[in-house]
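Descriptive structure summary
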Amino acid sequence: MSEKSSSSGSDEDVDPESGQPVELGGVLSKWTNYIHGWQDRWVVLKNNTLSYYKSEDEREYGCRGSLCLSKAVITPHEFDECRFDISVNDSVWYLRAEDPEHRLQWIESIELHRAESGYGSETSLRRHGSMLSLTSAASALSATSTSSFKKGHSLREKLAEMETFRDILCRQVDTLQKYFDSCADAVSKDEFQRDRVVEEDEDDFPTTTRPDGDYLHNNNGSKEKLFPPASPKGINGIDFKGEAITFKATTAGILSTLSHCIELMVKREDSWQKRLDKELEKRRRVEDAYKSAMNELKKKSHYGGPDYEEGPNSLINEDEFFDAVEAALDRQDKIEEQCQSEKVRIPRLTPVPPGDVYSTIGTHRFATKVEEMVQNHMTYSLQDMGGDANWQLVIEEGEMKVYRREVEENGIVLDPLKATHAVKGVTGHEVCHYFWDTAVRLDWETTIENFNVVETLSDNAVIVYQTHKRVWPASQRDVLYLSAIRKILATNENDPDTWLVCNFSVDHDNALPTNRCVRAKINVAMICQTLVSPPEGDKEISRDNILCKITYVANVNPGGWAPASVLRAVAKREYPKFLKRFTSYVQEKTVGKPILF
C-alpha cells in the first residue's frame, strides 16, 4: 500500500505550524456491495475527514464518499487482522489494509484526527483559547435559551444592584474629594493674608472698633486685622449628615446584596449538582445501551456488509442471496483459472503402501465406526437408481450423471447427492489414493482455505480439520472429519477390484467449534471399481484397457440456514465441476506412470 505519510500517534504526526495532524493517503480495499465485493480504493485522511476515490489518478474528479470522524467509531475486526470498520450513525465503511501493520497505522492516524476535532482536546484549547474574552463570554451568554435566562434572572438583578451601589459610592467619594480640595485651598489663602498684616503699637490705634470693622481691640490690648473665617460650606457646601446616612445605606445594601448573591449561588450550585447527577446517570444508561448494542451488532452484522450473517430472518431476499453467491463463485472460478495458468505443479513422490495395508480394519478407537461406515456405503451407495422415484436426475453430461433426493429438516436443506462417472486410463486404486492423500489435496481442491491433519490414526485413517472459502453472504464453514481409505476384498473372482474412501464427521478436543465458522457435518464416500478389457493378442495391459467406474455420494448438513433454492443451485453447479476437475487431475498425474492396481 503506497502512502503519502505515516501516522502512529506521535508528535511527528502533527504539523508544527498549524498544530493539525498531517494528511494520510493510500490504497485500502473497501467493501462495495454483495455483487462486486472488495475493491481497491484511494483513501485520504485529512482535516478530520476520511474520503475515498476510485484511484489516486482520479482525485481531480472529486471523492466518491466521505465521513466526518468527530463521532466515528473505529472497530478492528475480531478475526481478520487486516480489516477495520468505521461507522458513523447508520453509515458503515468496511476497509482492509495490506497487512496488520498498515491497519494499525491507519487506525492510529484516524484516532489522532478524531481526537483533534472539536473543542474537547488540549490542542484545540490552545488554538481557540486566545480568542476567549469577556466579550465572547457575554455573547455566549446572550445566546442562551429563554429558560436559562429566567433561572438566572434574580442573580442578574442583584448584580445590577451592585453596579448601582458602586456608582453611588463613586459619586460620594468624588464629592468628598472636591470638598477636601476646597478646604485646602481656603486654608492656604487665609495663611497668605495673615502674613501681610503689619502689627502696630497699641497707642497708635484706636481701641474702639472702627466703623468699617477693619480692626478690633483684643483683650490683651493688641489689634488684629479682621479676616472673615473661611467657611467650607460657603466654599462648597455639603451635607455631612445626609452623606453619612447615604454611605451607611449604600454599604448596608452592598452587604445585603452580596449575602443574597451568595445564597443564590449556593442554590444554583445545588441545582447544577442535581443536573450533573442526572446527566451522569443518563450517561451511564447510554453507555450500557451502547455496550448492549455493540454486542448485538456482533451477533447481527450490519445489513449489506461483508459480515452479514445468513439466517431464516435474513433481510436479503432469495434472489439477492442467489445473485451474491453466484457472483462470489464466479470470482472464485476466475481466480482459480488464473492460478492454474500461472501454477507450475511440483511433482510429489508420495509412496503408495501395498494394497494389503489398506485392506486391514485397524485397531484405533474409531475402527468400529469406520467399519460400520464402509459396510453401509457398500450396501446402499452402489444400489442402482433405476425405479427409485425419490432420486431425481439433475445433471447428465456424457458419462456423468448426478442425482438428488430432496430432504429438509427444521428448514435446513439436507439433500443427499449421488453421482456416477466413468474415467478411462486410471484405476480405482489411483483415484482413491489421490482423493485421500492430504499431501496433494490443495492441488485439486479449490474450495479449501486451509486444512491440517489433526491426528493420524493409522496408515489408512486420519482426522482432518479444514475451513472452506467463504461465499458471501453465507457464513464461512469448517469441517472436522475422519478420512479412511479401504481396499474392499472380493467375495468371488468375478467381482471388480474395488476401493473406497469414506469421510465422516467426528469430534476432537484439538479442533473445537468456534464463533468464526459454522461447523458443517458430512458423510461422504467415493467408491471406485476398476474394469479391465482384455488386450488384443499377447499385448500387455495398458491404460487404454482400463476403465474406472466412480460412485460418489454426499450427505452434507450445512450447519445453518440458507435459502433452499440457493443450496440446491450451488450443489447442481459445483458437484459436476468438482468431479471433472478431480478426475482430470488424476488422469494428468498418472500419464506415463506404471499402472497401480
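Residues numbered from 1 in each chain as written. Predicted model: local features only at pLDDT ≥ 70, side-chain atom pairs only at ≥ 80, totals over all residues. Heavy atoms only, no water.

**A closer look at the side chain of H377**
- Relative to the elements of secondary structure, H377 occurs in helix 10 (residues 367-381).
- Beyond its immediate stretch of four places on either side in the chain, H377 contacts L382, L500, C502, N523, V524, A525, I527 and V553. (Helix = DSSP H or I, 4+ residues; strand = E, 2+ residues; numbered from the N terminus. Contact = heavy atoms within 4.5 Å.)

**Observations concerning the nonpolar core**
- In terms of nonpolar packing, the biggest core is built from 40 residues, with V431, F435, M526, Y552, F578 and F582 touching the most fellow members.
- Broken down by element, the residue count for this core peaks at 7 residues, all from helix 13 (residues 564-590).
- Excluding its chain neighbours within four sequence positions, the residues that come into contact with F435 are R441, W444, V501, N503, M526, Y552, F578 and F582. (Core = buried A, V, L, I, M, F, W, Y, C linked by side-chain atoms within 4.5 Å. Buried < 20%, exposed > 50% of the residue type's maximum accessible area, 1.4 Å probe, protein only.)

**Digging into the packing of aromatic side chains**
- Under the criterion given, the structure shown has 11 aromatic pairs.
- Relative to Y585, the ring of Y434 has its centre 5.9 Å away and its plane inclined at 90°; by these criteria the two rings are edge-to-face. You can see Y434 sitting in helix 11 (residues 428-436) and its partner Y585 sitting in helix 13, a full 151 residues away along the chain. Across the pair, Y585 and Y434 agree in class, each one buried.
- Aromatic pair F435 and F582: ring centres 5.6 Å apart, planes at 70°, arrangement edge-to-face. Here F435, found in helix 11, pairs with F582, found in helix 13; they are 147 residues apart in sequence, far enough to count as distant. (Phe/Tyr/Trp six-rings, centres within 6.5 Å; stacked < 30°, edge-to-face > 60°.)

**What about a nonpolar patch on the surface?**
- Side chains of I262, M265 and V266 sit close together on the surface and give an oily, nonpolar patch of about 280 Å² of accessible area.
- Here V266 is to be found in helix 7 (residues 240-299). (Patch = residues over 30% accessible without salt bridge, like charges linked within 9 Å, V, L, I, M, F, W, Y side chains within 5 Å. Areas by Shrake-Rupley, 256 points an atom, 1.4 Å probe, with all protein chains shown as cover. Salt bridge = Lys/Arg side-chain N within 4 Å of Asp/Glu carboxyl O.)

**Some details on helix 13**
- For helix 13, which comprises 27 residues, the first-to-last C-alpha distance of 39 Å matches the rise-based estimate of 39 Å (1.5 Å per residue) to within 8%.
- G592 sits one or two residues past helix 13 and shows a positive phi near 75°. (Expected span 1.5 Å × (residues − 1).)

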